[in-house]
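# Survey of secondary and tertiary structure
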Amino acid sequence: MSKNISNLSGRIGLKENLFKQISENSLSDSPKDINDIAKEHNLGVSTLHGAESFYEFLRPSHREKKAFVCNGSACMCAGTQEKLKDTLKEKLGDDKVGEMFCLGHCYENNAFHYDGENYAGKDIEKIDQILKGEDIIQDKFFSKSHATTSFLMDDKLSSTEQFKDQLNKFLKTDKQEIIKSLLDSNLTGRGGAGFPTGLKWDFCSKAKGDKKYVICNADEGDSGAFSDRYLLEDQPLKVIFGMVLCGMVIGSDEGVLYIRGEYPKSIEAINGSINELKKLNLLGDNILGTDFSFDLGICIGQGAYICGEETALIASIEGRRAEVDVRPPFPVTEGLYKKPTVVNNVETLAAATGILINGPEKFAAIGNKKSAGTKLVCLDSFFNNPGVYEIDMGTPMKKIFNEIGGGYKEPVKAFQVGGPLGGVVPLSEIDNLNLDFQEFTAKGFMLGHASVVSIPKDFSMSEYIHHLFEFSAEESCGKCFPGRLGSYRGKEMFDQAKKGTAKIPLKLLNELLITMQKGCLCALCGAIPTPIMNILKYFGDEMKNDMMKDN
Amino acid sequence: MSSEKRKIAYIDGKPYEIGANHTSILKFVKSYVGEKKVPTLCDDPNLAPYGACRVCSVEVALEKDGPTRNGCLLSYSSC
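Residues numbered from 1 in each chain as written. Chains lettered and ligands numbered in written order. Predicted model: local features only at pLDDT ≥ 70, side-chain atom pairs only at ≥ 80, totals over all residues. Heavy atoms only, no water.

### What to know about the overall build of chain B
Counting secondary structure elements, chain B contains one helix and four strands. When its helices and strands are written in sequence order, chain B yields β-β-α-β-β. When the 79 residues of chain B are sorted by exposure, 28% land in the buried category. Nonlocal contacts in chain B, meaning residues at least 24 apart in sequence, comprise 21% of its contacts between residues at least 6 apart. For chain B, the accessible surface area stands at approximately 5,700 Å², while carbon and sulfur atoms represent 53% of it. (Helix = DSSP H or I, 4+ residues; strand = E, 2+ residues; numbered from the N terminus. Buried < 20%, exposed > 50% of the residue type's maximum accessible area, 1.4 Å probe, protein only. Contact = heavy atoms within 4.5 Å. Areas by Shrake-Rupley, 256 points an atom, 1.4 Å probe, with all protein chains shown as cover.)

As structure tokens, then:
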């Protein structure tokens, strides 16, 4: 069934893709009848309704609100949001303030969204100016490379002239040589799954298809992470260059960046770069007089975390409900519109660019074979030096936290590393860990995106688990039963503990977590047990009073 | 699958031959133990395997700490 929808949606194509049409129509002041759009495209109206009702931003309850307060883990731990919410409610009215999950301002907190812009830190003091529509000067996050060789933060690709020179060079390079460079560099996907990037490009280049696509997954929903935001806003050409080269290697002439709607500045920056490159014939038809054509567009996410999962992201663009599909077939053989597709994370694409410019041997020389090169690490506002840093793989975590991060402003007891699905690492374990994907996994954690959310000493761990279950209950795509029901049952357990109406049955909770871990279709509900199990293991004593006695 | 090289899989310790129409573990098991003996929720002969209910999950036993996968989608080549 979904295959038919994919194919029908494929006839509309990427430029005016169905998802874009549905969301633009839904957000417009004078929307067309959805029946007409369905009829135009030969699609069932239920398909369109299904897709529309999936997204938070397209719901009437969301659109009635004016301001949205960030409810990501970092802002929650900082404890800034209640007061912020009250201030906004006072100005706008009680029913005009909603919530959004992580606006990527984890380094200063107090984050909120108003009228298409994000504000954070001390911006709330200027609320009257903001409400009047005046532009205010905002603090930028701190970024610095501490790497032996910088691949992601250098300025070797910061102007369109440099883009042109490099593109000229690589358009003449043999495709196999580019794949070999990526394989030699040992670059693995930075989105979480860690698949070798060179292999992915190689598979897709060999896949048969009359049309192929390149997708940049810029749906960075992980709370604590703003590294993709850094790359999209400060290094947009690196990301785009990675996509263009990928297109050249796999034989694709069209790509899309799926950017989350919570990042308006990123959308603006990428849009600006694309337009500039198009004017200079560095994107579009017959780039620099060669027979290689590559067009690039943007898809704006509408507030669904699950769209960071590649099959859900593809379903989203196709205008289906953004539910996870089973793999295989993998997107490299059957992806967008059932055509071979490479889906790469923002950081992976930027790293691929860095590797090709600086040489793969330099990248491979850092870290080890499975965790090679450099990685962006985001530190939240509990550090004395919050910001995004480029760091060599293999660097001891205590060096990153104490020297680069400059230690903590307030006493902390644990860190959630790698977003809401990453492990919760107690302070005592930090000394035994290095920045290494395998090392984190071996100890029962997950490095993931390498974002760090600090949990302060006096923060209730029961409350933190409640936050995690609430998150997965809200963001679960609803397709697989263990994920849909499991996260909700977990949330209920901790709802009751929070209210004090019932204690937590530990045995039942453990069974629930194992069922979710083993049975869920994808990494959202399948990995949410990781941090919860970590907390139960390391902070079980602290939670004794919330637990039932006899289990 | 060539006829001289028959492939065998075990159900409850007993060997059974894998036929050409057994495109997934679920189909294989159902064909030998009976359609109604294997509980499923989202499996339907008229639809492509959907993988939502997870009731037919199987553990990949030949790998140490092998992952859990759907029986309705798992072909023999991938295990």
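Text resumes after the structure shown.
### Some remarks on empty space enclosed by the protein
Residues and elements named next belong to chain A. Per the stated rule, a full pass over the model turns up two cavities of 30 Å³ or more. Volume-wise, the largest cavity comes out at about 80 Å³. What lines the largest cavity is a set of 14 residues, among which Ser 476, Cys 477, Cys 480, Cys 522 and Cys 525 lie closest to the centre. Going through the elements one at a time, helix H21 (481-499) and helix H23 (523-527) are the ones with two or more residues in the lining of the largest cavity. When its volume is computed, the second largest cavity comes out at roughly 30 Å³. Taken together, Cys 70, Gly 72, Ala 74, Cys 75, Cys 102, Leu 103, Gly 104, His 105, Cys 106, Ala 111 and Ser 223 form the lining of the second largest cavity. Its residues assigned to classes, the lining of the second largest cavity shows seven nonpolar, four polar and no charged. (1 Å grid on protein atoms, 1.4 Å probe; cavity = no way out; pocket = protein on both sides within 12 Å on 5 of 7 lines; lining within 4 Å. Points joined across faces, edges and corners; volume = space filled by probe spheres on them. Nonpolar A, V, L, I, M, F, W, Y, C, P; charged D, E, K, R; others polar.)

### Notes on the packing of helix H2 (residues 18-27) of chain A against helix H4 (residues 45-52) of chain A
Residues and elements named next belong to chain A. It is the contact of H2 with H4, at a shortest axis distance of 10 Å, that shows an interaxial angle of 70°. As the angle between them shows, H2 and H4 are arranged roughly perpendicular. The chirality of how H2 crosses H4 is right-handed. Where H2 approaches H4, its residues Leu 18, Ile 22 and Ser 26 are matched on the opposing element by Leu 48, Ala 51 and Glu 52. (Axes fitted to C-alpha atoms, helices over the stretch in contact; angles between N-to-C directions. Parallel < 35°, antiparallel > 145°, perpendicular 65-115°, else oblique. Left-handed = near helix turned anticlockwise from the far one by under 90°.)

### Digging into the interface of chain B and chain A
Put simply, an interface is often sized by how much accessible area is lost when its parts join up. Taken together, the contact pairs eleven residues of chain B with eleven residues of chain A. For the pair chain B and chain A, the summed buried area comes to about 890 Å², and 55% of that belongs to carbon and sulfur atoms. When the area that chain B buries against chain A is broken down by residue, the three leading residues are B:Tyr50, B:Ala52 and B:Arg54, summing to 47%. Taken together, chain B and chain A are joined by one salt bridge. Note that A:Lys518 and B:Glu59 form a salt bridge whose closest N and O atoms lie 3.3 Å from each other. Where chain B touches chain A, the interface holds six residue pairs in polar contact (both at pLDDT 80 or more). (Buried area = accessible area lost by both parts, 1.4 Å probe. Salt bridge = Lys/Arg side-chain N within 4 Å of Asp/Glu carboxyl O. Polar contact = N/O pair within 3.5 Å; in protein donor to acceptor, adjacent residues only side chain to side chain.)

### Notes on the confidence of the model for chain B
On average, residues of chain B score 83 in pLDDT, and 89% of them reach the 70 mark or higher. For this predicted complex, the interface confidence comes out at an ipTM of 0.85, alongside a pTM of 0.94. (pLDDT = per-residue confidence, 0-100.)

### Remarks on the side chain of A:Lys413
All names here are of chain A. Summarising the element assignment, Lys 413 is placed in strand E12 (residues 412-417). Taking relative accessible area as the criterion, Lys 413 reaches 11% and is therefore assigned buried. A distance of 3.4 Å separates a polar atom in the side chain of Lys 413 from the backbone oxygen of Lys 457. Leave out the neighbours within four places in its chain, and Lys 413 touches Pro 426, Leu 427, Ile 455, Pro 456, Lys 457, Phe 459, Met 461, Phe 539 and Glu 542.

### Overview of a negative patch on the surface
Residues A:Glu64, A:Glu82, A:Asp86, A:Glu90, A:Asp94 and A:Asp95 make up a contiguous surface patch of negative charge. Mapping A:Glu90 onto the fold places it in helix H7 (residues 81-92). (Patch = residues over 30% accessible without salt bridge, like charges linked within 9 Å, V, L, I, M, F, W, Y side chains within 5 Å. Lys, Arg positive; Asp, Glu negative; His and termini not counted. Charge placed at Lys NZ, Arg CZ, Asp CG, Glu CD.)

### Remarks on the layout of surface pockets
The computed volume of the second largest pocket comes to approximately 980 Å³. Lining the second largest pocket are 33 residues, with A:Ser2, A:Lys3, A:Arg320, A:Asp325 and B:Tyr50 sitting closest to its centre. Among the secondary structure elements, those contributing two or more residues to the lining of the second largest pocket are helix H1 (2-12), H4 and helix H15 (310-318) of chain A. If you tally residues by element for the lining of the second largest pocket, the top one is H4(A), at four residues. Grouping the constituent residues of the lining of the second largest pocket by class yields 16 nonpolar, seven polar and ten charged.

### Focus on the pattern of salt bridges
Residue and element names in this part refer to chain A. Within the structure shown, the criterion is met by 31 salt bridges over all chains. With a closest N to O distance of 3.1 Å, Asp 253 and Lys 211 form a salt bridge. Taken as a pair, Asp 253 in the loop between helix H13 (236-250) and strand E7 (254-259) and Lys 211 in the loop between helix H11 (197-206) and strand E6 (213-218) lie far apart in primary sequence, 42 residues in all. By relative accessible area, which is 38% here, Asp 253 ends up partly exposed. In this structure Lys 211 comes out as partly exposed when scored by relative accessible area, which is 23%. If you follow the salt bridges from partner to partner, you end up with Glu 318, Arg 320, Asp 325 and Lys 479 in one network.

### A look at the nonpolar core
All names here are of chain A. Counting 151 residues, the largest nonpolar core has Phe 163, Trp 201, Leu 257, Ile 306, Ile 317 and Tyr 464 as its most contacted members. When residues of this core are assigned to their parent elements, the largest contribution, eleven residues, is made by H13. What Trp 201 contacts, discounting residues up to four positions off in sequence, is Ile 178, Ile 179, Leu 182, Gly 242, Leu 245, Cys 246, Val 249, Ile 250, Val 342, Asn 344, Leu 349 and Ala 352. (Core = buried A, V, L, I, M, F, W, Y, C linked by side-chain atoms within 4.5 Å.)

### Some words on the sheet that holds strand E5 (residues 143-145) of chain A
Residue and element names in this part refer to chain A. One open sheet holds the six strands; their spatial order is E5-E11-E10-E14-E12-E13, and the pairing between them is mixed. Each end of this open sheet is capped by a strand with a single partner; those strands are E5 and strand E13 (424-426). Shown here is a sheet whose adjacent strand axes are inclined to one another by a mean of 25°, direction ignored. As paired elements, E12 and E13 share three bridges and run antiparallel to each other. The residue of E13 that forms the bridge with Phe 415 is Val 425. Of the strands in this sheet, E12, E13 and strand E14 (451-456) are in contact with helix H20 (residues 461-475), which crosses E12 at around 15°. (Pairing = 2+ DSSP bridges.)

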